[in-house]
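Here is what each chain is made of, one letter per residue.
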Amino acid sequence: MTDVKQKALAAFEEKFGVKADFLSYAPGRVNLIGEHTDYNDGFVMPCAIKFGTAIAARFNGSDKMRVLAVDVNGDYDEFTVTADMQKHESKTWSNYLRGVTKLICERGCKVEGMDVAICGDVPLGAGLSSSASLEVSFGNLLSQACDLNIDLQDIALIGQAAEAYIGCKCGIMDQTISACGQEGCAMRLDCRTLEKQHVKVPQGLEVLIVNSNVKHALVGGEYNERRAQCEEAARVLGVKALRDATMEMLDAKRAELDDVTYRRARHVITEDDRVLAAVKAFESGDLAKLAELMYASHCSMRDDFEITIPEIDGLVEIIRKAIGENAAVRMTGGGFGGSVVAVVEPAKIPAITAAIDAEYEKISGRKATIIETYAAAGAHFTKL
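Here is what the cut-offs are and how they apply
Residues numbered from 1 in each chain as written. Predicted model: local features only at pLDDT ≥ 70, side-chain atom pairs only at ≥ 80, totals over all residues. Heavy atoms only, no water. Axes fitted to C-alpha atoms, helices over the stretch in contact; angles between N-to-C directions. Helix = DSSP H or I, 4+ residues; strand = E, 2+ residues; numbered from the N terminus. Parallel < 35°, antiparallel > 145°, perpendicular 65-115°, else oblique. Left-handed = near helix turned anticlockwise from the far one by under 90°. Contact = heavy atoms within 4.5 Å. Buried < 20%, exposed > 50% of the residue type's maximum accessible area, 1.4 Å probe, protein only. Polar contact = N/O pair within 3.5 Å; in protein donor to acceptor, adjacent residues only side chain to side chain. Phe/Tyr/Trp six-rings, centres within 6.5 Å; stacked < 30°, edge-to-face > 60°. Lys NZ or Arg CZ within 6 Å of the ring centre and 35° of its normal. Nonpolar A, V, L, I, M, F, W, Y, C, P; charged D, E, K, R; others polar. Expected span 1.5 Å × (residues − 1). Pairing = 2+ DSSP bridges. Core = buried A, V, L, I, M, F, W, Y, C linked by side-chain atoms within 4.5 Å. UniProt positions renumbered as here; feature names shortened; annotations may be inferred.

Draft legend 1. The arrangement of the packing of helix H8 (residues 259-284) against helix H9 (residues 287-303) in detail. Contact pair H8 / H9: the axes reach a minimum separation of 9 Å and the direction vectors enclose 165 degrees. The angle between H8 and H9 places the two elements in the roughly antiparallel class. By crossing handedness, the relation of H8 to H9 is classed as left-handed. From H8, Arg263, His267, Thr270, Glu271, Arg274, Ala277, Ala278, Ala281 and Phe282 reach across to H9, where they touch Lys289, Leu290, Leu293, Ala296, Ser297, Ser300, Met301 and Asp303.

Draft legend 2. Looking closely at the side chain of Gln153. Position of Gln153 relative to the elements: it lies in helix H4 (residues 152-166). We classify Gln153 as buried; its relative accessible area is 9%. There is a polar contact of 3.1 Å between the side chain of Gln153 and the side chain of Thr176. Once residues lying within four places of it in the same chain are set aside, the contact partners of Gln153 are Ile172, Thr176, Cys180, Leu194 and Lys196.

Draft legend 3. A look at the packing of aromatic side chains. A complete count under the given rule lists four aromatic pairs for this structure. A ring pair is formed by Phe12 and Phe16, whose centres lie 4.9 Å apart and whose planes are at 45 degrees; its orientation type is tilted. Taken together, the residues span about one helical turn, with Phe12 and Phe16 both in helix H1 (residues 3-16) at a distance of four residues. A relative accessible area of 16% means that Phe16 is categorised as buried. Members of the aromatic cluster, joined through ring pairs, are Phe22, Phe59 and Phe381. Its end group placed over the ring of Tyr76, Lys15 keeps NZ or CZ at 4.3 Å from the ring centre. When the ring centre of Tyr165 is taken as origin, the NZ or CZ atom of Lys87, which lies over that ring, is 5.6 Å away.

Draft legend 4. The arrangement of the packing of helix H2 (residues 92-106) against helix H3 (residues 130-145) in detail. Across the interface, H2 lies against H3 with an axial gap of 10 Å and an inter-helix angle of 40 degrees. Between H2 and H3, the crossing angle belongs to the class labelled oblique. Note that H2 runs across H3; the crossing there is right-handed. Judged by residue contacts, Trp93, Tyr96, Leu97, Val100, Thr101 and Ile104 of H2 engage Ser131, Leu134, Glu135, Phe138, Gly139 and Leu142 from H3. Taken together, the residues that form the contact of H2 with H3 break down as eight nonpolar, three polar and one charged.

Draft legend 5. Representation of helix H6 (residues 221-237) within the structure. Spanning 17 residues, H6 covers 24 Å between terminal C-alpha atoms, matching the ideal 24 Å at 1.5 Å per step. All of the buried residues along H6 are Tyr223, Arg226, Arg227, Gln229, Cys230, Ala233, Ala234, Val236 and Leu237. Along its buried surface, H6 packs onto helix H7 (247-252) and H8. One or two steps after H6, the chain reaches Gly238, where phi turns positive at roughly 75 degrees.

Draft legend 6. Summary view of the sheet that holds strand E10 (residues 339-344). Read from one edge to the other, the open sheet built from four strands follows the order E9-E10-E8-E11, with strand pairing classed as antiparallel. In this open sheet, the two edge strands, each paired with only one partner strand, are strand E9 (328-332) and strand E11 (369-373). Going across the sheet, the axis of each strand differs from the next one's by a mean of 20 degrees, ignoring polarity. In terms of strand pairing, E9 meets E10 through five bridges, oriented antiparallel. Directly across from Val329, in E10, lies its bridge partner Ala342.

Draft legend 7. Layout of the nonpolar core. Core analysis: the biggest nonpolar cluster contains 48 residues, and Met65, Val111, Met114 and Phe138 have the highest contact counts within it. When residues of this core are assigned to their parent elements, the largest contribution, seven residues, is made by H2. Discounting chain neighbours no more than four positions away, the residues touching Phe138 are Ile55, Met65, Leu97, Val100, Thr101 and Val116. Counting residues in each nonpolar core, the second largest holds 46 residues, with Tyr39, Ile307, Leu315 and Met331 among its members.

Draft legend 8. Structural detail: the UniProt feature "domain: GHMP kinase C-terminal" (unreviewed entry) in the protein chain. Those places that UniProt annotates as "domain: GHMP kinase C-terminal" (unreviewed entry) correspond, in this numbering, to residues 278-361. Between the end C-alpha atoms of residues 278-361 there is a gap of 32 Å, over a span that is 61% helix and 13% strand.

What follows is the structure, encoded as structure tokens:
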């Protein structure tokens with residue numbers, strides 16, 4: 001049993017004076033390629049990571065959720081189980097739970113009150129989907145403990161809707177890989193049809209995440225603004241979503257688009273192509289092609305979608321220089337901070353670490369956190 005699961009169980013017993021009956025877990029994720037394509041009905045290729053959210057729980061015989069957030073300074077909240085759920089004025093972490101509960105109740109499902117202790121080790125603000133991990137873990141807890149038998153993909157959709165309830169109109173990628181990931185595999189996800197292809201991580205390669213320690217927050221303006229720009233481009237092009245567009249179509253309508261909207265659309269259209277090419281590179285173990293695609297993705301996020309920041313751009317260049325040939329590295333996540341992801345040979349990691357230690361603080365005034373991971377399994381539930 002992992003530390004985070006043991007911590008959740010111990011915290012539950014300390015807070016509520018009895019042992020938990022249930023343990024739910026869902027991982028965070030890192031997206032290898034395919035950024036801001038998900039809400040454009042496009043393609044993404046994430047993998048689940050070895051960090052996640054564990055929830056220990058037990059029915060309490062009431063209609064209330066009594067919830068301890070171990071990692072939020074031991075914060076605590078109570079709310080009534082109802083489809084008429086109101087958001088908490090200040091506890092953002094609780095609003096994810098409230099949203100999931102509300103949405104499950106709206107389906108006509110009977111959810112019983114529980115005592116709950118939550119413990120996670122996904123680095124917050126790193127762009128590794130701590131929120132999706134929380135939503136999926138909690139949604140699967142309610143489904144399994146209350147015998148609702150909600151499919152894991154539906155749990156993911158509930159988590160996505162909970163984000164919208166809070167104020168972030170995100171795509172479906174984060175919750176789907178958290179719910180449905182397979183150990184040792186990345187996932188090529190079609191965000192329109194939800195068709196999944198599990199793609200084995202090539203032998204001899206590891207996933208390396210470097211947290212810039214510049215925290216990002218997706219709720220609010222920048223993310224929703226870009227989504228609106230993409231929707232406007234799709235409208236001008238006469239397609240349902242940018243997934244249906246080609247560069248030829250975009251260039252034919254260039255005069256009808258302002259420069260910013262054109263570049264936003266160019267990123268999404270070319271990024272979809274890069275995802276599909278990256279799947280083939282993974283399948284054939286072609287690290288050189290993967291490196292070309294990942295860096296092109298980064299440049300597109302930097303120049304066309306404008307979601308990188310100097311610290312992230314600097315990290316990518318430090319890592320590229322340290323790896324030399326076949327440097328498969330890019331920013332990952334929604335942008336404006338967060339992390340960089342690299343697919344590397346393990347022998348390269350000491351050189352990467354040394355380069356980051358020597359160079360990153362000079363350009364950012366802070367240290368980076370280097371996180372080695374593997375492609376982990378998705379959500380699971382245990383009756384204790």
